[in-house]
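Descriptive analysis of the structure
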2 protein chains.
Amino acid sequence: MRVSGHNPLDAVPFMAVDLDRVEDLLAASAASADPYLTEICSHLVAAGGKRVRPGFCLAAAATSLLDGESSTDHAVTGATAVELVHLGSLYHDDVMDEAVVRRQVESVNARWGNIRAILAGDFLLARASELAASLGVEVAGLLAATIGRLCEGQVLELKHSFDVERSEEQYLQAIAGKTASLLAASCRIGSIVTELPDDQRAALTDFGHSYGMAFQIVDDVLDLVSTEADLGKPTGHDLEEGVYTLPVILALLTGHGQDLRALLGGPLDTASRDKAIDIVRDSVGIPESIRRAREYAATAASSLEILPDSPGVRGLRAAADYLLEQVELAAA
Amino acid sequence: MRVSGHNPLDAVPFMAVDLDRVEDLLAASAASADPYLTEICSHLVAAGGKRVRPGFCLAAAATSLLDGESSTDHAVTGATAVELVHLGSLYHDDVMDEAVVRRQVESVNARWGNIRAILAGDFLLARASELAASLGVEVAGLLAATIGRLCEGQVLELKHSFDVERSEEQYLQAIAGKTASLLAASCRIGSIVTELPDDQRAALTDFGHSYGMAFQIVDDVLDLVSTEADLGKPTGHDLEEGVYTLPVILALLTGHGQDLRALLGGPLDTASRDKAIDIVRDSVGIPESIRRAREYAATAASSLEILPDSPGVRGLRAAADYLLEQVELAAA
């Protein structure tokens, strides 16, 4: 099930139909010879999602389509592979976070236990690699390297949990791995399967990377400035988990940094968390983070300039516009 | 570090030197841009192992070598990839089993926690896929499918834990996935990278599969008939974990099956465990399991008959002989 209306690419004419093809291949990929494993692997697939990564892969591939044409089977396969990587990593994330809910349904680990959640995640990652192998060695190598980068990004984040000395560079490296790498790979795979020239491949990869960086910074700002009702989780959740994101890192460098530093570095009670949130909200950490997100979003948009007009480019431009709107909403 | 003297292929002339090349590539593959992740990923690599799977891959590839020749770089790469799959799955196994010791050193999950152990396992599996991709789409696809089969085998085992109705067929399916599939893939990858003809590829794949089946059955018999000192863990550990292996399944079908059935189906205290072990030991479950292991080992040996003489075939024959010895030792 795809959650429509939330994917910035939904406005692209061919997208809805071709994302349904991705949905079918996702369901087929989650199926194993064993019905029990199939049930576990299908759980999050069926819970749906925005399918942003498949959308990027299809849109990148569609930069070589004419109006009215549909995505190739290769593009659909690549789009499915990147979503399987995302889903497989969510299975493992939920074990790691001891999550009980994911995408409005019970998490796999809560329902079937950690062991089955780990195995199902491994299975989905393996299925992603199998699809990638069917697209050639370049895609297979890229997808494998990207899974490695996802792990590196997550480990970098863990390494600096509760670390008030975490630097902006360390933060940017972590989100480049954990978020931007798979969006960049999604675009790149779309460009590989349609055999685009190298400069267009590079442009689309840069687009995915910059989009991912902006997207994650916005997400991290929202965690501090949104209401619990909007977030669906308590405001300042990252702070509680010891994940000091860009606004916090920048706030720590300001005049009120000492007050914030005194609160952070370990678990927070509710009063301290709220005080820390207030300090960050009142600091330049928020507008400075927004400024960086805006820069990344602008870089993403400008990456597309070398590409000739096509349904795919129009889709990605719409996504970039949507992202800039999100940046401004977070700033408001 | 390789534990020599335990790999049935150690007697093969070129093997020691070429397994050292695998060791170097394993160390390089466990290295990430981040020293912290490198440390975690290197932990089990450095703890060593028998490197049976790399040995099989090298030996299968060496069926096209002449005496005195060394393994090709492709064979070494394939051998490293299969060991990385094995290692990555051990990282996840240890989280699932809540193990505290692995290969005589502290387990990764015990030392760094479950989160890092899951991520490091994912990273090693990704590195394996990257190496496989460098060997072409056939190897990449095979390795990915094999990781899927490993997961399926483990899930099949879990599904029937504490299940006194577990059938011989369900047992054989589970061990085909969790053990035999990677040994079969190890041999097959060796045969692919040296571009052997299809019949030889099939013969080597069958060898790995049958070897793996016999090996796992022997391992499961030993868990019931060996002493704690020999096993390094309590006798009947599988019984305690609810994993009812072939000797138990067959014992349940005999005259004393009812007594055994009354004990099993849930957690065991020490007295009940010892009583259950005694019933299985005195049943035809042991000799019948040995008979099946002997059949698989004989099938493995006969799979090699179509292959012309070579250093590789001699190595695999030595491995088959070693396995038959192990079968008879377990029977003694």
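Residues numbered from 1 in each chain as written. Chains lettered and ligands numbered in written order. Predicted model: local features only at pLDDT ≥ 70, side-chain atom pairs only at ≥ 80, totals over all residues.

**Considering the overall build of chain A**
A tally of helices and strands in chain A yields 16 helices and two strands. A compact globule built from 332 residues should have a C-alpha radius of gyration of about 20 Å, and chain A, at 20 Å, falls within 12% of that. Seen along its three principal axes, the alpha-carbon backbone of chain A occupies a region of about 55 × 50 × 35 Å. A total of 332 residues make up chain A; the buried ones form 56% of that total. If you take every contact in chain A between residues at least 6 apart in sequence, the share linking residues at least 24 apart comes to 73%. (Helix = DSSP H or I, 4+ residues; strand = E, 2+ residues; numbered from the N terminus. Rg over C-alpha atoms; globule rule 2.2 N^0.38 Å. Buried ≥ 20, exposed ≤ 12 C-beta atoms within 10 Å, placed from the backbone. Contact = placed C-beta atoms within 7 Å.)

**Topic: the interface of chain B and chain A**
With 36 residues of chain B in contact, the opposing surface of chain A contributes 36 residues. Those elements that provide at least two residues to the side of chain B that touches chain A are helix 2 (35–46), helix 4 (73–97), helix 6 (114–134) and helix 7 (137–159) of chain B. Top element by residues in the side of chain B that touches chain A is helix 7 of chain B. It accounts for 14 residues. Residue composition of the side of chain B that touches chain A, by class: 21 nonpolar, eight polar and seven charged. (Nonpolar A, V, L, I, M, F, W, Y, C, P; charged D, E, K, R; others polar.)

**Some thoughts on the relation of the copies chain B and chain A**
Structural alignment of chain B on chain A gives an RMSD of 0.0 Å, achieved by rotating through 180° and translating 0.0 Å along the axis. Taken together, the rotation angle and the small translation identify this as a two-fold axis. Among all residues of chain B, the one whose C-alpha sits closest to the rotation axis is V137 of chain B, at a distance of 2.8 Å. (Least-squares fit on C-alpha atoms with pLDDT ≥ 70 in both.)

**Quick look at helix 4 (residues 73–97) of chain A**
Residue and element names in this part refer to chain A. Taking 1.5 Å per residue, 25 residues should reach 36 Å; helix 4 reaches 36 Å between its end C-alpha atoms and fits that length. The buried fraction of helix 4 amounts to 22 of the 25 residues, a majority that puts the element mostly inside the structure. Looking one or two places after helix 4, you find E98, whose phi comes out positive at around 55°. (Expected span 1.5 Å × (residues − 1).)

**Brief notes about helix 9 (residues 198–225) of chain A**
The end-to-end C-alpha distance of helix 9 of chain A, which contains 28 residues, comes to 40 Å, matching closely the 40 Å that a straight helix rising 1.5 Å per residue would cover. Burial of helix 9 of chain A is extensive: 20 of the 28 residues sit out of reach of the surface.

**A word on unusual backbone geometry**
Unlike most non-glycine residues, R51 of chain A shows phi in positive territory, near 60°. Residue placement: R51 of chain A occurs in the loop between helix 2 (35–46) and helix 3 (52–61). Within the chain, E195 of chain B stands out as a residue other than glycine whose phi angle is a positive 55°. C-beta crowding within 10 Å serves as the criterion here: with 9 such atoms nearby, E195 of chain B is assigned to the exposed category.

**Focus on the packing of helix 4 of chain A against helix 7 (residues 137–159) of chain A**
Residue and element names in this part refer to chain A. Between helix 4 and helix 7, the shortest axis-to-axis distance is 12 Å and the interhelical angle comes to 20°. Accordingly, the angle class assigned to the pair helix 4 and helix 7 is roughly parallel. As for the relative orientation of helix 4 and helix 7, their crossing is right-handed in sense. Across from G78, A81, V85 and S89 in helix 4, the residues of helix 7 making contact are V139, L143, T146, I147 and L150. Considering only residue class, the contact of helix 4 with helix 7 consists of six nonpolar, three polar and no charged. (Axes fitted to C-alpha atoms, helices over the stretch in contact; angles between N-to-C directions. Parallel < 35°, antiparallel > 145°, perpendicular 65-115°, else oblique. Left-handed = near helix turned anticlockwise from the far one by under 90°.)

**Examining the nonpolar core**
In this structure, L143 and A214 of chain A together with L143 and A214 of chain B are the most contacted members of the largest nonpolar core, which totals 226 residues. When residues in this core are grouped by element, the largest group, 13 residues, is from helix 6 (residues 114–134) of chain A. The contact partners of L143 of chain B, leaving out residues within four places of it in the chain, are A81, V85, A128, S129, A132 and A185 of chain B. (Core = buried A, V, L, I, M, F, W, Y, C linked by C-beta atoms within 7 Å.)

**Regarding the packing of helix 7 of chain B against helix 8 (residues 168–193) of chain B**
Residue and element names in this part refer to chain B. For the pair helix 7 and helix 8, interaxial distance at closest approach is 7 Å and the crossing angle is 165°. Here helix 7 is positioned roughly antiparallel relative to helix 8, judged by the angle of their axes. Pair helix 7 / helix 8 crosses with left-handed handedness. Here the contact of helix 7 with helix 8 is built from residues that sort into 13 nonpolar, seven polar and six charged.

**Here we look at the confidence of the model for chain A**
All names here are of chain A. Taken as a whole, chain A shows an average pLDDT of 92; of its residues, 97% reach a score of 70 or greater. Strand 1 (residues 101–102) is the least confidently modelled element of chain A, averaging 72 in pLDDT, while helix 8 (residues 168–193) averages 98, the highest of any element. Model confidence for the complex is summarised by a pTM of 0.93, with the ipTM given as 0.92. (pLDDT = per-residue confidence, 0-100.)

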